[in-house]
Amino acid sequence: MTFSGTNRYSALSLLKHGLRYHENWQRAWRSPEPKKSYDVVIVGGGGHGLATAYYLAREHGIRNVAVIEKGYLGGGNTTRNTSIVRSNYLWDEAAHLYEFALKLWESLSEELNFNVMFSQRGVLNLGHTLQDMRDISRRVNANRLNGIDGEVLDPQEVSELVPLLNCSPDARYPILGASWQPRAGTARHDAVAWGYARAADALGVDLMQKTEVTDIIVENGVATGVQTNRGLIRAGKVACAVAGHSSVLAGMAGVRLPVESRPLQALVSESLKPCLDVVVMSNAVHGYISQTQKGDLVIGAGVDKYNGYGQRGSFDVVEHALQAICELFPAFRRVRMNRLWAGTVDTCPDACPIIGLSPVKNLFFNCGWGTGGFKSTPGSGFVYADTIAHDRPHPLAEPFTLERFYSGALIDEHGAAGVAH
Amino acid sequence: MLLIACPYCGESRGEEEFSYGGEAHIARPPDPDSLTDEAWGDYLFFRKNTCGVHHEIWFHAAGCRRYFNMSRDTVNQEVLETYRIGGQPRFTTQNSKR
């Protein structure tokens, strides 16, 4: 148990603080000055970096750890996604990794003593053509062989599940069926960052915000520390988890990566009364949508066709996503959109991540999650921490090393990744 | 929305007329069979992924249907120049104002 006594969030503590007008809540984490050296320095204070720090401390007893973040915790892709969590990937390697993450999600709120609002409302992947339906059957069968829940639904069942969906046969994109993963769902993304941050801090991890890494120190082929805007920090091991800026960081150490950074956009509507209680995704027409607990519709668009680091995307990509949503859900045509944003995602040629060692000793990379990073946060952190602690890939991460781009053992998940790269 | 001047057509047109071809100036190895796995993997998959001035190939899909090169700042999305295949860029990360 990481939290005890007054530090533990509970119904009782909520009541107690409520009676005092919520004026005396303890800080969720410290803001320490950086020490001269750490056993492990994690670059990137998003979900993956914070989860890695937490599991290093919790599972491996490595507590002399710093997480360095150039902005604020969870300010990048962790809170720029559509917060969907699922594990219905086609290939064994990816399915095992994402299912491992999904199992961690199921007990994450208890584990972190922080309500991450994980809601297993189910995810539908729509099929609009015969080939879509063949792919869906194949994927669902593969999932079930891997012990992952999944069903193929016919249009009647889809219509019963989501009455607002236009399931008529003369629709612009007729719905011929769908895959259905009931255990999938959504989570509150900033709570994930905050929960991991608070739990890692409680175990002694130093979280440093507004601290930018300007160089990675490599001596005789060994990474020994990072130069930051707050001075030099020595490190036994340097572990990067910076998504969109992975290539930039790798370049500091002379490492090349097969990732390309692209903007991925999402948008959110005004709040509506509850009308959509599952997640609906459509690969063919490219839009995905869910409704948050406070009523906004969260809509995911595609990834831009060209590289970009600016956290801004192309408008035509949003337009295409909304065209698809309006055709699928005629009732949403007059819904007004509130906010639009983009995250910089590090896409890999096979739509699968890179987790593991690098050509530089004691330098580790966890990147290339592309459009699917959020759902894997707990699993990614767990296997990455294990990889760092033991200087070898965790068994689940073995297929995801950098070497696969030389051996040719790619894991093509473009179909199940959901977002067209 | 990027406005792109195709160096063959000359006119500035919206990005939807074009498709993207990735990093430019990557020569196909003259003798692929002689390459090591590392060199072949590097040619196929590893890219500069520049944060700053990026030289890239574009295709004027809804126009003259010709390939050309472009220098673009990947942070602020400014199109700095377009130039024909075989040409060399005037803008680089070193000489641009960033």
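If you're wondering where the values come from, they're calculated on a predicted model, not measured in any experiment. (Residues numbered from 1 in each chain as written. Chains lettered and ligands numbered in written order. Predicted model: local features only at pLDDT ≥ 70, side-chain atom pairs only at ≥ 80, totals over all residues. Heavy atoms only, no water.)

Visitor: Hey, could you run me through the packing of helix α3 (residues 92–106) of chain A against helix α10 (residues 377–390) of chain A in this one?
Guide: A pair of packed helices is captured by two measures, namely the crossing angle of their axes and the spacing between those axes. Residue and element names in this part refer to chain A. Between α3 and α10, the least distance of the axes is 7 Å, while the angle of their chain directions is 110 degrees. As far as their axial angle goes, α10 and α3 are roughly perpendicular. Taking contact as the criterion, the partners of Leu97, Phe100, Ala101, Leu104 and Trp105 in α3 are, on α10, Thr377, Pro378, Gly379, Phe382 and Val383. A per-class count over the contact of α3 with α10 returns eight nonpolar, two polar and no charged. (Axes fitted to C-alpha atoms, helices over the stretch in contact; angles between N-to-C directions. Helix = DSSP H or I, 4+ residues; strand = E, 2+ residues; numbered from the N terminus. Parallel < 35°, antiparallel > 145°, perpendicular 65-115°, else oblique. Contact = heavy atoms within 4.5 Å. Nonpolar A, V, L, I, M, F, W, Y, C, P; charged D, E, K, R; others polar.)

Visitor: What should I look at first to understand the sheet that holds strand β12 (residues 260–271) of chain A in this one?
Guide: Within a sheet, each strand pairs with its neighbour through backbone hydrogen bonds, oriented either parallel or antiparallel. All names here are of chain A. Taken in spatial order, the eight strands of this open sheet run β5-β6-β4-β13-β14-β15-β12-β16, and their pairing is mixed. The open sheet has two edge strands with one neighbour each: β5 (151–153) and β16 (337–347). Across the sheet, the mean angle separating the axes of adjacent strands is 20 degrees when strand polarity is ignored. As judged from the four bridges shared by strand β14 (residues 287–291) and strand β15 (residues 296–303), these two strands associate in the antiparallel manner. Its bridge partner being in β15, glutamine 291 is matched across the sheet by leucine 297. The strands that helix α9 (residues 315–328) touches are β4 (123–127), β12, β13 (279–282), β14, β15 and β16; relative to β15, the one it contacts most, it runs at about 130 degrees. (Pairing = 2+ DSSP bridges.)

Visitor: Help me understand the environment of Ala197(A) in this model?
Guide: Residues and elements named next belong to chain A. Considering the arrangement of structural elements, one finds alanine 197 in helix α7 (residues 189–202). The class for alanine 197 is buried, based on a relative accessible area of 0%. The spatial distance from the C-alpha of alanine 197 to the C-alpha of glutamate 157 is 41 Å, given a sequence separation of 40 residues. Here alanine 197 is in contact with Trp29, Leu50, Leu73 and Leu207, once residues within four sequence places are set aside. (Buried < 20%, exposed > 50% of the residue type's maximum accessible area, 1.4 Å probe, protein only.)

Visitor: Whenever I open this one, the packing of helix α2 (residues 47–60) of chain A against α7(A) confuses me. Can you help?
Guide: Residue and element names in this part refer to chain A. Between α2 and α7, the shortest axis-to-axis distance is 8 Å and the interhelical angle comes to 30 degrees. Crossing hand, α2 versus α7: left-handed. For the pair formed by α2 and α7, the contact residues are Leu50, Ala51, Ala53, Tyr54 and Tyr55 on the first element and Ala193, Tyr196, Ala197, Ala199 and Ala200 on the second. Across the contact of α2 with α7, the residue classes tally to 10 nonpolar, no polar and no charged. (Left-handed = near helix turned anticlockwise from the far one by under 90°.)

Visitor: Just checking my understanding: could you explain the sheet that holds strand β6 (residues 79–84) of chain B for this structure?
Guide: All names here are of chain B. On the basis of which strands lie adjacent, the open sheet formed by four strands has the order β3-β4-β5-β6 and antiparallel pairing. Strands at the two margins of the open sheet, each flanked by one partner only, are β3 (19–23) and β6. Averaged over all pairs of adjacent strands, the angle between strand axes in this sheet comes to 30 degrees, irrespective of strand direction. Taken together, the three bridges between β3 and strand β4 (residues 53–59) define a ladder with antiparallel strand orientation. Residue pairing across strands places serine 19 opposite phenylalanine 59, the latter belonging to β4.

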